[in-house]
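Here are the chains, one letter per residue:
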Amino acid sequence: MITFKGVTKVYERQGEKVKAVDNVNMTVEKGEICVLIGPSGCGKTTLLRMVNRLVQITDGTIEIGGTEINSLDSIKLRRSIGYVIQQNGLFPNMTIEENINVVPKMIGWDAEKMKSRYKELMEMMGLNHEEYRKRFPWELSGGQQQRIGVARAMAADPPVMLMDEPFGALDPVIREHLQNEFLRIQKDMKKTVLFVSHDIDEAIRLGDKIAIFNRGHLMQFGTPDDILSNPKNDFIRDFIGSDREIKRLSLLTVKDLLKKVAKLGRVKGNTQEYSGDVVMLETDLRTALSVLLSSPTGEALVVDQNNDPYGILSFSDFQTLTGVHPSKLQTIVR
Ligand SMILES: Nc1ncnc2c1ncn2[C@@H]1O[C@H](COP(=O)(O)OP(=O)(O)OP(=O)(O)O)[C@@H](O)[C@H]1O
Ligand SMILES: [Mg+2]
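Bear in mind the structure is a predicted one, so any value in this text is a computation, not a measurement.

1. Re the site of ligand 1
- Neighbouring ligand 1 are 13 residues, the closest being Ser40, Gly41, Lys44, Thr45 and Thr46.
- Between ligand 1 and Ser40 there is a distance of 2.5 Å, counted from an oxygen atom to a side-chain nitrogen or oxygen.
- Residue Gln86 places a side-chain N or O atom 3.0 Å away from an oxygen atom belonging to ligand 1.
- The protein chains hide 69% of the 640 Å² of surface that ligand 1 would expose on its own.
- Of all elements in the fold, only strand S1 (2-13) and helix H1 (44-51) reach the threshold of two or more residues within the shell around ligand 1.
- It is H1 that provides the largest number of residues to the shell around ligand 1, a total of three residues.

If you want it as structure tokens, here you go:
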């Protein structure tokens, strides 16, 4: 768990004071991904670098697992935190294997252990360990370099990871691929992650929590669903975009919807004779809505994982959930 209490950073630049982070209070739970997002210059990198003490806090405290970071030795602290630097920051004069083993080497792992960890990480990243071992960073594509940056930060298996736009500057397809890989890895690793992003779709996809900043202030903190369904003010509304209802739908499944409209529980009736379109309980709502839109009756049969009929899904259920009239839902999807 990482706790920020009244965290403030004031930089001094030629006698001028710049408040880069202003009285931030928030708690990131153990094992969660919290995405920090906001316009350029709003203080994301500064906040991240205060956690591993590369930037000194002006006011307030940061605690990791209940221990104030200022009471710890800064070198030890940094070794217990994986850090993926904005623009990956691989050492150009080191091979890929050397880059990945920087921290394990510092903390005195033996050669055998480093070798097997290198192999394991490369496998995790979907890269051939033999092929890349002796290569240098400039011999890799942007996407491959970013993967090595992530692998390097994870090398000594730190419980906390700070990731500063690790998938920035990549084309959308590779980006989505790396996001999915990262989620898959995180499922087992359960690290506590602070993840900086510029991209609200990335934040929604990856974040257990999202923290939106503007000019050093934390404007809103919550789950993606909280933020999409209850944006606190105009800044947040503008920031997440006008298609927030649709973005929110992709977070929820048919099962969530049936739960929310209190229709969960097997519906008895004539589902056996139903001949229209079919959706699964686990189908996301964005997909389910497209199915309804193309269904002549405006309804679909819901089936469980055994393909047994479960109930009927209709437009009015969507309306109950989103408060948006079906005719508007149609225009949103298109
Ligand atoms: N070392 C420094 N000295 C003085 N001012 C700084 C320093 N580092 C950052 N700043 C200022 O602090 C503010 C926050 O910068 P920061 O790099 O944290 O923003 P950011 O949200 O990471 O931006 P970006 O999205 O562009 O990476 C900016 O106004 C920046 O100019
Ligand atoms: Mg930054």
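2. Let's talk about the coordination of the magnesium ion (ligand 2)
- For the magnesium ion (ligand 2), every protein donor is listed as Thr45 (OG1) and Gln86 (OE1), and the spread of their distances is 2.0 to 2.6 Å. On the criterion of sequence distance, the pair formed by Thr45 in helix H1 and Gln86 in the loop between strand S6 (81-84) and helix H3 (96-100) is long-range, its members being 41 residues apart.
- Residue classification places Gln86 among the partly exposed positions, given a relative accessible area of 32%.

3. Here's the deal with the side chain of Lys44
- Checked against the element boundaries, Lys44 lands in helix H1.
- Although buried, Lys44 forms no salt bridge, and the nearest oppositely charged side chain, Glu165, lies 4.9 Å from it.
- Among the polar contacts listed, one links the side chain of Lys44 to the backbone oxygen of Gly38, at a separation of 3.0 Å.
- If near-sequence neighbours (up to four positions away) are discounted, Lys44 is found in contact with Leu36, Ile37, Gly38, Pro39, Glu165, Val196, Ser197 and His198.

4. Let's talk about the side chain of Lys9
- Mapped onto the secondary structure, Lys9 falls in strand S1.
- Although Lys9 is buried, it makes no salt bridge; Glu12 carries the closest opposite charge, 9.0 Å away.
- From its side chain, Lys9 meets the backbone oxygen of Gln56 in a polar contact 2.8 Å long.
- When near neighbours in sequence (up to four residues on either side) are disregarded, Lys9 contacts Val18, Lys19, Ala20, Val21, Thr46, Met50, Val55, Gln56 and Thr58.

5. Some remarks on the sheet that holds strand S4 (residues 59-64)
- Pairing is antiparallel across the open sheet formed by four strands, whose spatial order is S2-S1-S4-S5. Among the strands making up the open sheet, the edge pair consists of strand S2 (16-28) and strand S5 (67-68).
- Here S1 pairs with S2 via nine bridges, running antiparallel. Bridged to Arg13 within S2 is Glu16.

6. Focus: the domain arrangement of the protein chain
- For the protein chain, the assigned domains read domain 1 (2-242) and domain 2 (254-333).
- The gap between the C-alpha centroids of domain 1 and domain 2 is 38 Å.

7. Regarding the pairing of strand S9 (residues 209-214)
- Of all six residues in S9, six are buried, a share of seventy percent or more.
- The two faces of S9 match: Lys209, Ala211 and Phe213 on one face and Ile210, Ile212 and Asn214 on the other face are all buried.
- Alignment of strand S3 (residues 33-37) against S9, held across four bridges, turns out to be parallel. Note on S9: the bridge partner recorded for Ile37 is Ile212.
- Counting the residues between successive antiparallel strands, the hairpin from S9 to strand S10 (residues 217-222) contains two residues, one of them, Arg215, with a positive phi of roughly 45 degrees.

8. Description of the packing of helix H7 (residues 142-154) against helix H8 (residues 172-189)
- Contact geometry for H7 and H8: axes closest at 11 Å, N-to-C directions at 20 degrees. Taken as axis vectors, H7 and H8 run roughly parallel relative to one another. The two elements H7 and H8 cross, and the hand of that crossing is right-handed. Contacts from Gly143, Gln146, Arg147 and Met154 of H7 reach H8 at Ile174, His177, Leu178, Glu181 and Ile185.
- Of the residues that constitute the contact of H7 with H8, the class distribution is four nonpolar, three polar and two charged.

9. Focus: the packing of aromatic side chains
- On inspection of all chains with the given rule, the structure shows five aromatic pairs.
- The interplanar angle of 40 degrees and the centroid separation of 6.1 Å between the aromatic rings of Phe182 and Phe195 together place this pair among those described as tilted. With Phe182 in helix H8 and Phe195 in strand S8 (residues 192-197), the pair connects residues that are 13 residues apart, well separated along the chain. For the pair formed by Phe182 and Phe195, the shared burial category is buried.
- With a centroid separation of 5.9 Å and 25 degrees between ring planes, the pair formed by Phe235 and Phe239 is classed as stacked. With Phe235 and Phe239 both in helix H11 (residues 234-240) and four residues apart, this pair spans about one turn of that helix.
- For Phe239, a relative accessible area of 22% gives the class partly exposed.

10. Regarding unusual backbone geometry
- Not every positive phi belongs to a glycine, and Lys190 is a case in point at roughly 50 degrees.
- Along the polypeptide, Lys190 turns up in the loop between H8 and S8.
- When its relative accessible area of 54% is taken as the criterion, Lys190 is described as exposed.
- In this structure, Arg215 is a non-glycine residue whose phi angle is positive, near 45 degrees.
- Within the element layout of this structure, Arg215 appears in the loop between S9 and S10.

Cut-offs and rules
Numbering of residues starts from 1 in every chain and runs along the sequence as written. Going through the entries in the order they are written, you letter the chains from A and number the ligands from 1. The predicted nature of this model means local features are confined to residues of pLDDT at least 70 and side-chain atom pairs, given and counted, to a pLDDT of 80 or more, with totals for whole chains, interfaces and linings taken over all residues. With hydrogens and water excluded, all non-hydrogen atoms of the structure serve as input to the side-chain values. Throughout, the term near means that a residue has one or more heavy atoms lying within 4 Å of the molecule or strand in question. Here a polar contact is taken to be a pair of N or O atoms separated by no more than 3.5 Å, where protein atoms must pair a possible hydrogen donor with a possible acceptor and residues adjacent in sequence count only if both atoms sit in side chains. Here the open area of atoms and residues is found with the Shrake-Rupley method and a 1.4 Å probe, where only the protein chains shown may cover a residue. Helix and strand definitions here come from DSSP, where helices need a minimum of 4 consecutive H or I residues and strands a minimum of 2 consecutive E residues; each element is numbered from the N-terminal end. A donor here means any N, O or S atom no more than 2.8 Å from the metal (3.2 Å for Na, K and Ca); water is not included, so a site may seem to lack partners. Partly exposed residues are those whose accessible area sits between 20% and 50% of the maximum for their type, while under 20% is buried and over 50% is exposed, using a 1.4 Å probe and protein chains only. As used throughout, the charge tally considers Lys and Arg to be positive and Asp and Glu to be negative, leaving His and the chain termini uncounted. Throughout this description, the term salt bridge denotes a Lys or Arg side-chain nitrogen within 4 Å of a carboxyl oxygen of Asp or Glu. We call two residues in contact whenever any of their non-hydrogen atoms come within 4.5 Å of each other. Note on pairing: two strands pair once DSSP finds at least 2 bridges between them. A domain assignment, automatic or from a database, supplies the domain bounds used here. The axes are straight lines fitted to the C-alpha atoms, using for helices just the contacting stretch, and the angles between their N-to-C directions are given from 0 to 180°. For classification, angles of less than 35 degrees are called roughly parallel, those exceeding 145 degrees roughly antiparallel, those between 65 and 115 degrees roughly perpendicular, and all remaining angles oblique. Crossings are classed by handedness, with left-handed meaning an anticlockwise turn of the near helix from the far one by less than a right angle and right-handed meaning a clockwise turn. The nonpolar class holds Ala, Val, Leu, Ile, Met, Phe, Trp, Tyr, Cys and Pro. Asp, Glu, Lys and Arg form the charged class, and all remaining residues, Gly among them, are polar. Within 6.5 Å between ring centres, the rings of Phe, Tyr and Trp (the latter by its six-membered ring) count as paired, and their orientation is classed by plane angle as stacked under 30 degrees, edge-to-face over 60, tilted in between.

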